[in-house]
Amino acid sequence: MSNAIGIIFANSGSDNLQGLALDRPIAAVPFGGRYRILDFALSSMVNSGIRTIGLVTPHQYRPLLDHLGAGKDWFLERKDGGLFILPGVMHSLAGSKDTFCIKDLQNNLEFLQKDYVENVLISSGDQIYNMNFKDTLEFHRDKHADVTLIYKAENPFDDGSHNQILLELDGDQKVAKLHDKNSLEREDLAQLHFVNIILIRRELLLDIIEKYGSYGCNDLIEIISSNIEVLNIFGSPTNSLIGTIHTIKDYFDRSMDLLDLRVREQLWLGVDRTHTKIVDNPPTKYTLQAKVSNSLIASGCSIAGEVINSIVFRGVILEQGCRIQNSIIMPKCHIHANAKTNYTILDKSVIVQRENVLKGSVNHPLVVLKKTVI
Amino acid sequence: MKRQECVAMLLAGGQGSRLGGLTRNRAKPAVSFCGKYRIIDFTLSNCTNSSINTVGVLIQYKPFLLNSYIGLGSAWDLDNPFGGVHILPPFLGETEGSWYNGTANAVYQNYEFIDYYDPEYVIILSGDHVYKMDYTLMLKFHKEKKSEITLATIQVPLEEASRFGILTIDSDSRVTKFTEKPVHPESNLASMGVYIFNGTTLKQALIADKDDYLSQNDFGKNIIPHQLNIGKRVFAYKFEGYWRDVGTIESYYQANMESLKDGHFLNIFDPKFRIFSNEDIFPPHFVGSTAEIENSLICNGCTVHGKVSNSIIGPGVYVGEGVEIRDSIILPYVKLHKGSSVHRAIIGENAEIMSHCNIGAERKIGSAHEGITVIEDYHLITEGTVIEAGKHIYRSRAI
């Protein structure tokens, strides 16, 4: 049994996802053909033996709860522990820069108080990864750490702007300082990117909440950073792939990365599965006219058209003569005959009528909002 | 205990020996069907969709994989506080007990289970049929006719009628005659092996059958004819829809292939009547740039680099470059390596075909005979092997 419980901040929103996060948090954005972004953090925790997970939800939590239900598909429907919904404070969704807002935790103090485990693993819900935290938990215990910050030695995806915190470690993996990447002048510092996953002693977290909870929206990372002298903070490395989704470009690129076998091997084809809601779709049907190459296709689709370098979610209908290129087609879209898409992201249940042509570009994929009829 | 109106007894213990290599390691109801399903999914889903929430599954032959697949029945929403799925294996009592000897004997031995729920009606189902049926309509018919035993029936082509139990009925749908596998069938109305009994009628019938030493303790062969003879009210409910018995390699192959046709019930996602399945979690399937797929079903977790036509590819299958699959059924987790070709074959679960094999090769002599080639589960076919059409490859049994 694990000596940690988990908390996932599924309440961060973004104005840079061109409408994909209009009425859902980033965590609930569909990703990779059959998942939601949140599934990756949730499955990693479950696969690491964590059986109690609290989910900090945003104001618009319907899409999240619709997806999660009682957590059965993640084996979180249990007597001992399970999935807990932690309603976040209202103002935290749009545009908030904070990663782990103390106020959100203070709102749900009982979740932390009633458990008796030693540690709390906290992750943001807007990252794509498949990580087993068992090593980190051991590392944390062996080092008698107050806080363990997970970092990656280099940024696997060159997405420059987001992973803004770099760690400076001493010889014993102890964190000497946290640097903001943008204000960093020293070029010589090793690029150890903090990946927004931390392990913290539960008692310490409760102390922090008690002390800082009343001061408006404080960020947990900032608090840790300003108390670096008094706390025992360590950095633990990970080699798993991590992709943060903040902008539409991130979303598009991280999705297309899945067409690379090396990425799929690390994310999906190992022992630890990524779990998601099960819909019981029939297998995907290819007709005589189907032409598919270098693409990921989920179940329950009917494919009569051409698909190249694309990702097709569950229950999509592609009619004869249509051509899907470099595109992401979310669940239940219907593309009629001879319609064409290139560098396009169709949100759920979009209908594209005959002969329409939708075109974006590599750096600016075209996004079509949910349930649009074109 | 809440009294149940109708309890289902699902017969899932048969060996299914006519499915050859496919049932070497598992009971027939646990055999993979149409990619992501297993045969028992259809009957269990029908129960759920017909609001029958108490199901006894009678098992006997090779039960491990079947039991672990069924679990608590949660995949079919059958894990409920009012009944749920109960696995019923043969057992020993203080003085009696034996293997199940016939379908009727299996139900008889578990009468304690039925008594526990004390249902007004008992529906007898079989775990090896592929169909989508709302049993509530049949139950409604049963009540309307004040029937004591109702048989679900379907019209079959007359030339195939001698494979089934054939009924003769009067204008009121009351059964006048029932013959199991007749040489000269009188009608084409076949029994589907789905029966609704009044609780009391079933109990009496089973006890009478138990005391009959000449009986083979089979519903079709003994119970139904006997109950007709003693004048019970037996009615035939006509089911209109798709129903297939998949008890032989040929019928299993045909039924799978039929699901490739347009409008087949499996291809249409019907949110009101879903076919549930206890699937493994896999990512979407990946289609490589050298792949060509036509008129086929592909499941989650597959990787396809080769050519696939008129075939069904189960979950987690790997199809290497240059592989050619035609008119075949590839069961879950099979690996097909570079340059192999597969024609009119059924490749068992977890089998591995190394590179440049030819499965289902045309025979040089007597090529008029085109059988279905079957490779058993977990079988490894070494590089360059040629297997002639119609061969069934089994492993030699370890002792």
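Above this text sits the structure in question.
Reading the values: the criteria
Residues numbered from 1 in each chain as written. Chains lettered and ligands numbered in written order. Predicted model: local features only at pLDDT ≥ 70, side-chain atom pairs only at ≥ 80, totals over all residues. Heavy atoms only, no water. Helix = DSSP H or I, 4+ residues; strand = E, 2+ residues; numbered from the N terminus. Rg over C-alpha atoms; globule rule 2.2 N^0.38 Å. Contact = heavy atoms within 4.5 Å. Lys, Arg positive; Asp, Glu negative; His and termini not counted. Charge placed at Lys NZ, Arg CZ, Asp CG, Glu CD. Areas by Shrake-Rupley, 256 points an atom, 1.4 Å probe, with all protein chains shown as cover. Pairing = 2+ DSSP bridges. Axes fitted to C-alpha atoms, helices over the stretch in contact; angles between N-to-C directions. Buried area = accessible area lost by both parts, 1.4 Å probe. Salt bridge = Lys/Arg side-chain N within 4 Å of Asp/Glu carboxyl O. Polar contact = N/O pair within 3.5 Å; in protein donor to acceptor, adjacent residues only side chain to side chain. Nonpolar A, V, L, I, M, F, W, Y, C, P; charged D, E, K, R; others polar. Core = buried A, V, L, I, M, F, W, Y, C linked by side-chain atoms within 4.5 Å. Buried < 20%, exposed > 50% of the residue type's maximum accessible area, 1.4 Å probe, protein only. Phe/Tyr/Trp six-rings, centres within 6.5 Å; stacked < 30°, edge-to-face > 60°. Lys NZ or Arg CZ within 6 Å of the ring centre and 35° of its normal.

### Some words on the overall build of chain A
Part 1 of the argument: Scanning chain A from N- to C-terminus turns up 9 helices and 28 strands.
Part 2 of the argument: Computed over its C-alpha atoms, the radius of gyration of chain A comes to 21 Å, within 12% of the 21 Å expected for a compact globule of 374 residues.
Part 3 of the argument: Seen through its principal axes, chain A has C-alpha atoms that stretch 65 × 50 × 40 Å.
Part 4 of the argument: Residue pairs in contact within chain A that sit at least 24 positions apart in sequence constitute 60% of those at least 6 positions apart.
Part 5 of the argument: Charge separation in chain A, taken as the distance between the mean sites of 39 positive and 44 negative side-chain charges, equals 9 Å.

### A word on the overall build of chain B
Part 1 of the argument: Across its full length, chain B holds 8 helices and 31 strands.
Part 2 of the argument: Over its C-alpha trace chain B gives a radius of gyration of 22 Å, about what one expects of a compact globule, namely 21 Å for 399 residues.
Part 3 of the argument: Taking the principal axes of the C-alpha coordinates as reference, chain B spans close to 65 × 50 × 45 Å.
Part 4 of the argument: Taking as baseline every contact in chain B between residues at least 6 positions apart, the subset at least 24 positions apart corresponds to 60%.
Part 5 of the argument: A total of about 17,000 Å² of accessible surface is found on chain B, and carbon and sulfur atoms cover 49% of it.
Part 6 of the argument: Once the 38 positive and 45 negative side-chain charges of chain B are each reduced to a mean point, those two points are 1 Å apart.

### A closer look at the sheet that holds strand β21 (residues 323-325) of chain A
Residues and elements named next belong to chain A.
Part 1 of the argument: An order of β15-β18-β21-β24-β27 is seen for the 5 strands of this open sheet, with the pairing classed as parallel. With partners counted over all chains shown, the strands left at the sheet margins are β15 (291-293) and β27 (357-359), one partner each. On average, each strand axis in the sheet is tilted by 5 degrees relative to the strand beside it, whichever way the strands run.
Part 2 of the argument: With 3 bridges joining them, strand β18 (residues 306-308) and β21 adopt parallel strand pairing.

### Section: the interface of chain A and chain B
Part 1 of the argument: Contact residues are listed per partner, giving 32 residues for chain A and 35 residues for chain B.
Part 2 of the argument: Summed over both partners, the interface of chain A with chain B buries about 2,900 Å², with 53% contributed by carbon and sulfur atoms.
Part 3 of the argument: One can count 3 salt bridges joining chain A with chain B.
Part 4 of the argument: K72(A) serves as the salt-bridge partner of D79(B), at 3.8 Å between the closest nitrogen and oxygen.
Part 5 of the argument: Applying the counting criterion to the chain A and chain B interface returns 15 residue pairs in polar contact (both at pLDDT 80 or more).
Part 6 of the argument: Mapped onto the side of chain A that touches chain B, the elements with two or more residues apiece are β14 (284-286), β15 and β16 (295-297) of chain A.
Part 7 of the argument: When grouped by side-chain class, the residues that make up the side of chain A that touches chain B number 14 nonpolar, 12 polar and 6 charged.
Part 8 of the argument: Two elements, β14(A) and strand β16 (residues 296-298) of chain B, share 3 bridges in a ladder whose sense is antiparallel. Counterpart to T284(A) in the pairing with β16(B) is I298(B).

### Structural notes on the nonpolar core
Residue and element names in this part refer to chain B.
Part 1 of the argument: One finds L336, I347 and I359 to be the most contacted residues of the largest nonpolar core, which totals 46 residues.
Part 2 of the argument: Other than its neighbours up to four places away in sequence, I347 contacts I329, I330, L331, V334, V342, I353, I359 and I375.
Part 3 of the argument: In terms of nonpolar packing, the next biggest core, distinct from the first, is built from 45 residues, C6, V55, V85 and L139 among them.

### Section: the environment of K62(B)
All names here are of chain B.
Part 1 of the argument: When you line up the elements, K62 lands in the loop between β4 (54-58) and α2 (63-70).
Part 2 of the argument: The exposure class assigned to K62 is partly exposed, which follows from its relative accessible area of 35%.
Part 3 of the argument: A C-alpha to C-alpha distance of 5.4 Å links K62 and A27, two positions 35 residues apart in sequence.

### With respect to the packing of aromatic side chains
Two descriptors summarise a pair of aromatic rings, namely the distance from one centre to the other and the angle between the planes of the rings.
Part 1 of the argument: Going through the model one piece at a time under the given rule, you end up with 23 aromatic pairs over all chains.
Part 2 of the argument: Residues F139(A) and F234(A) carry aromatic rings whose centres are separated by 6.2 Å and whose planes lie at 80 degrees to one another, so their mutual orientation is edge-to-face. Note that F139(A) is positioned in helix α5 (residues 134-142) and F234(A) in strand β12 (residues 233-237), a separation of 95 residues in sequence.
Part 3 of the argument: Residue F139(A) is classed as buried on the basis of its relative accessible area, which comes to 16%.
Part 4 of the argument: The exposure class assigned to F234(A) is buried, which follows from its relative accessible area of 4%.
Part 5 of the argument: By way of ring pairs, the aromatic residues F31(A), Y35(A), F40(A), Y251(A) and W268(A) are connected into one cluster.
Part 6 of the argument: We note R273(A) situated over the ring of F282(B); from NZ or CZ to the ring centre the distance is 4.8 Å.

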